Amino acid sequence: MATQSPAQSIIETLTSRGQTLAVAESLTGGGLGFALTQVPGASAVFLGGIISYTTDVKVRELGVGQSVIDQYKVVSEEVAIEMAEGAKNKFATTWAISTTGVAGPGDYQGVREGTVWIAIRGPINQSLTLTLDGGRDGVRQGAISSAIGTFARILSA
């Protein structure tokens, strides 16, 4: 029997629990939602997502406080948490995952290229920071894989 991928594990676990998921993505540009919806049956639990690539979309669509962005920068744990909370509230889901970071090339607002924040909000809350290499594609793919892997581990605990 083939080993189940973390994304498959997430969809199966959420389905069995009757729970739902939404995403709020910045640097991953929809890649997280795409990876999750590659799994057959995802439509039963994945309600949607917001690609908030710009600061004004984070504020307007996800309710991230401009004061939080001003104080901590757009690539921060605080903003990642508010993005996830915003998606969870907007879609009325059990869980939400957010990604924000600097894919590059180059640093952004003094934040190093490869810096990523991921926040998971739901019955268990967790946030993590990553420092990734591998250029723009490597950083984005690493963020997607880490978000999925971390959430799968939370669900299996």
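Each chain carries its own residue numbering, running from 1 in the direction its sequence is written. Only residues with pLDDT of 70 or above have their local features reported here, since the model is predicted, and side-chain atom pairs are shown and tallied only from 80 upward, although totals for entire chains, interfaces and linings are computed over all residues. Values reported for side chains reflect all heavy atoms of the structure, with hydrogen atoms and water molecules removed beforehand.

**Side note on the packing of helix α1 (residues 6–17) against helix α6 (residues 135–156)**
Part 1: Interaxial angle, 0 to 180 degrees, is taken between N-to-C directions of lines fitted to C-alpha atoms, where a helix line uses only the stretch in contact. Only DSSP runs of H or I reaching four residues or more are called helices, and only runs of E reaching two or more are called strands; each is numbered from the N terminus. Taken N-terminus to C-terminus, the directions of α1 and α6 make an angle of 40°; their axes are 9 Å apart at the nearest point. Regarding the angle of α1 to α6, the classification is oblique. Judged by the sense of rotation from one axis to the other, the crossing of α1 with α6 is left-handed. Residues Pro6, Ala7, Ile10, Thr13, Leu14 and Arg17 of α1 touch α6, and the partners they reach there are Ile148, Gly149, Phe151, Ala152 and Leu155. For classification purposes, angles smaller than 35 degrees are called roughly parallel, those larger than 145 roughly antiparallel, those between 65 and 115 roughly perpendicular, and all remaining angles oblique. Should the near helix be turned counterclockwise from the far one by less than a right angle, the crossing is left-handed, whereas a clockwise turn marks it as right-handed. Contacts: residue pairs with any heavy atoms within 4.5 Å of one another.

**Notes on the side chain of serine 26**
Part 1: Its place among the elements puts serine 26 in the loop between β1 (21–25) and α2 (31–37).
Part 2: Think of it in three bands: residues with accessible area under 20% of the maximum for their type are buried, residues over 50% are exposed, and the middle band is partly exposed, with areas taken using a 1.4 Å probe on protein chains only. On the basis of relative accessibility, which here comes to 6%, the residue serine 26 falls in the buried class.
Part 3: Only 3.4 Å separates the side chain of serine 26 from the backbone oxygen of serine 52, close enough to count as a polar contact.
Part 4: Those residues in contact with serine 26 that lie beyond four places of it in its chain are Ser52, Tyr53, Lys58, Met83, Thr99 and Thr100. Under the rule applied, a polar contact is a pair of N or O atoms within 3.5 Å (in protein, one hydrogen donor and one hydrogen acceptor; residues adjacent in sequence only if both atoms are side-chain atoms).

**What to know about the nonpolar core**
Part 1: The nonpolar core is taken to be a set of buried Ala, Val, Leu, Ile, Met, Phe, Trp, Tyr and Cys residues, with the residues joined through side-chain atoms within 4.5 Å. One finds Ile10, Leu21, Leu36, Ile97 and Phe151 to be the most contacted residues of the largest nonpolar core, which totals 31 residues.
Part 2: For this core, the elements supplying multiple residues, two or more each, are α1, β1, α2, β3 (95–101), β4 (115–121), β5 (126–131) and α6.
Part 3: When residues in this core are grouped by element, the largest group, nine residues, is from α6.
Part 4: The next biggest cluster of nonpolar side chains, apart from the first, holds 20 residues, and it includes Ala24, Val68, Val74 and Ala119.

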